[in-house]
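These are the residues of each chain, in order.
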Amino acid sequence: MPAGADVRFVDGMEGDQPLRIGLRTGARMPAYCTSGGKAMLAALDWSEVEALHPRGLRPWPHARIRDLPSLRRQLARTRKQGYGANVEESEPGVAAIGVSISPWPGRPVAALSVAIPTARFDRREEPGLYAHLREVCTAAERALRLRGP
């Protein structure tokens, strides 16, 4: 979920393979270096993204994006492909893709992501993962619109 310029992980499920990503429930990280965070930032107008970062991007140990112009280019790619991607940007050994849940245009309320150890991550699987995430996010958006803002 969005938490200012950060994301807060509120729930999760672990896979059953021996090598897996542990739950991050309660953790908070800069949105710009997580897949779901990038997806949510991409749903905002650029002026809103800038307002979240009045002094630039908060440094993060493994971030590849270091400044607002780089973030702007990344968010353009994220919008075009429909999902955010993170390969060892939030932490070493973790790859993820995330899709924003935005029941009303420009108002992301959450994101869903799939995190995979980089040892098992294959970029060719991204379209299939995205399709599943988009389907679930679309259903969530529909349910939220029925409840109202």
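The structure this text deals with has already been given above.
Everything numeric here is computed off the predicted structure, so don't read it as measured data.

Caption draft 1: The arrangement of the side chain of Ser100 in detail. Looking at the secondary structure, you find Ser100 in strand β5 (residues 94-101). By relative accessible area, Ser100 is classed as buried at 8%. For Ser100, the side chain forms a polar contact with the side chain of Ser102, separated by 2.9 Å. Not counting residues up to four positions away in its chain, the partners in contact with Ser100 are Ala39, Met40, Ala43, Pro108, Ala110, Ala111, Arg134, Cys137 and Glu141.

Caption draft 2: Structural context of helix α3 (residues 68-81). With 14 residues, α3 should reach 20 Å at 1.5 Å per residue; the first-to-last C-alpha distance of 20 Å fits that figure. Buried within α3 are the following residues: Leu68, Ser70, Leu71, Gln74, Leu75 and Thr78. Summarising the axial view, the buried residues of α3 lie within an arc of 145 degrees, below the 170-degree limit, and thus occupy one face. On the buried face of α3, the contacting elements are α1 (35-42), α2 (46-52) and β4 (84-87).

Caption draft 3: Up close: the nonpolar core. Membership of the largest hydrophobic core comes to 19 residues, with the highest contact counts inside it found for Tyr32, Leu41, Val49, Leu71 and Leu75. Where this core is concerned, the elements lending two or more residues are α1, α2 and α3. Dropping the residues within four chain positions of it, Leu75 is found in contact with Lys38, Leu41, Ala42, Trp46 and Val49. Ranked by size, the runner-up nonpolar core spans eight residues in total, among them Ala85, Val99, Ile101 and Ala110.

Caption draft 4: Geometry of the side chain of Glu89. Take Glu89: it is sitting in the loop between β4 and β5. Of note is the side chain of Glu89, whose polar atom sits 2.8 Å from the side chain of Lys38. What Glu89 contacts, discounting residues up to four positions off in sequence, is Tyr32, Cys33, Lys38, Trp60, His62, Ala63, Arg64 and Ile65.

Caption draft 5: Main features of α1. Across the eight residues of α1, eight count as buried, placing the element largely inside the fold. The N-terminus of α1 is capped by Thr34, whose side-chain oxygen sits 3.0 Å from the backbone nitrogen of Gly37.

Caption draft 6: Looking closely at the pattern of salt bridges. Taken as a whole and judged by the stated rule, the model has eight salt bridges. Two residues, Arg20 and Glu14, come together in a salt bridge whose shortest N-O distance is 2.7 Å. Looking at Glu14, the relative accessible area reads 39%, which means it is partly exposed. Shared partners join several salt bridges into a network, and the residues in it are Asp6, Arg28 and Arg58.

Conventions and cut-offs
- Residues numbered from 1 in each chain as written.
- Predicted model: local features only at pLDDT ≥ 70, side-chain atom pairs only at ≥ 80, totals over all residues.
- Heavy atoms only, no water.
- Helix = DSSP H or I, 4+ residues; strand = E, 2+ residues; numbered from the N terminus.
- Buried < 20%, exposed > 50% of the residue type's maximum accessible area, 1.4 Å probe, protein only.
- Polar contact = N/O pair within 3.5 Å; in protein donor to acceptor, adjacent residues only side chain to side chain.
- Contact = heavy atoms within 4.5 Å.
- Expected span 1.5 Å × (residues − 1).
- Arc of directions from axis to C-beta.
- Core = buried A, V, L, I, M, F, W, Y, C linked by side-chain atoms within 4.5 Å.
- Salt bridge = Lys/Arg side-chain N within 4 Å of Asp/Glu carboxyl O.

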